[in-house]
Amino acid sequence: MTDLQAFDRRMLEALICPRSQTTLEYDPERQELVSKAAGLAYPIRNGIPVMLMDEARSLE
């Protein structure tokens with residue numbers, strides 16, 4: 001089971017980026033939720049999205 005399968009897809013639609021307040025895109029290869037507006041990618045660990053800016057990876 002992939003991380004996203006363990007994580008409810010409906011939740012993805014409800015989550016927004018804490019910095020930009022915009023929707024997120026799922027990157028299955030990196031197991032991340034990406035905010036293009038903020039230039040950040042939030043990790044998914046054990047099926048749980050980690051929506052902390054301190055844990056986000058910069059896309060730059």
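Residues numbered from 1 in each chain as written. Predicted model: local features only at pLDDT ≥ 70, side-chain atom pairs only at ≥ 80, totals over all residues. Heavy atoms only, no water.

Give a description of the nonpolar core that names residues and reports values.
One recurring pattern in soluble globular proteins: nonpolar side chains tend to sit buried together. By size, the foremost hydrophobic cluster in this structure holds 11 residues: Leu12, Leu15, Cys17, Leu24, Leu33, Ala38, Leu40, Tyr42, Ile44, Met51 and Ala56. The leading source of residues in this core is strand S3 (residues 40-45), at 3 residues. Residues in contact with Met51, not counting those within four places in the same chain, are Leu15, Ile16, Pro18, Leu24, Leu33 and Tyr42. (Core = buried A, V, L, I, M, F, W, Y, C linked by side-chain atoms within 4.5 Å. Buried < 20%, exposed > 50% of the residue type's maximum accessible area, 1.4 Å probe, protein only. Helix = DSSP H or I, 4+ residues; strand = E, 2+ residues; numbered from the N terminus. Contact = heavy atoms within 4.5 Å.)

Which residues make up the pairing of strand S2 (residues 32-35), and what are the values?
In S2, alternate side chains face the same way, and those of Glu32 and Val34 on one face and Leu33 and Ser35 on the other are all buried. One ladder, built from 3 bridges, connects strand S1 (residues 25-27) with S2; its direction is antiparallel. In the strand pairing of S2, Tyr26 is matched with Leu33. Hairpin connection, S1 to S2: the antiparallel pair is bridged by 4 residues, and Gln31 has positive phi, about 55°. Bridging between S2 and S3 involves 4 bridges; their strand directions are antiparallel. Along S3, the bridge assignment pairs Leu33 with Tyr42. Hairpin connection between S2 and S3: a loop of 4 residues separates the two successive antiparallel strands, and Gly39 in this loop has a positive phi of roughly 70°. (Pairing = 2+ DSSP bridges.)

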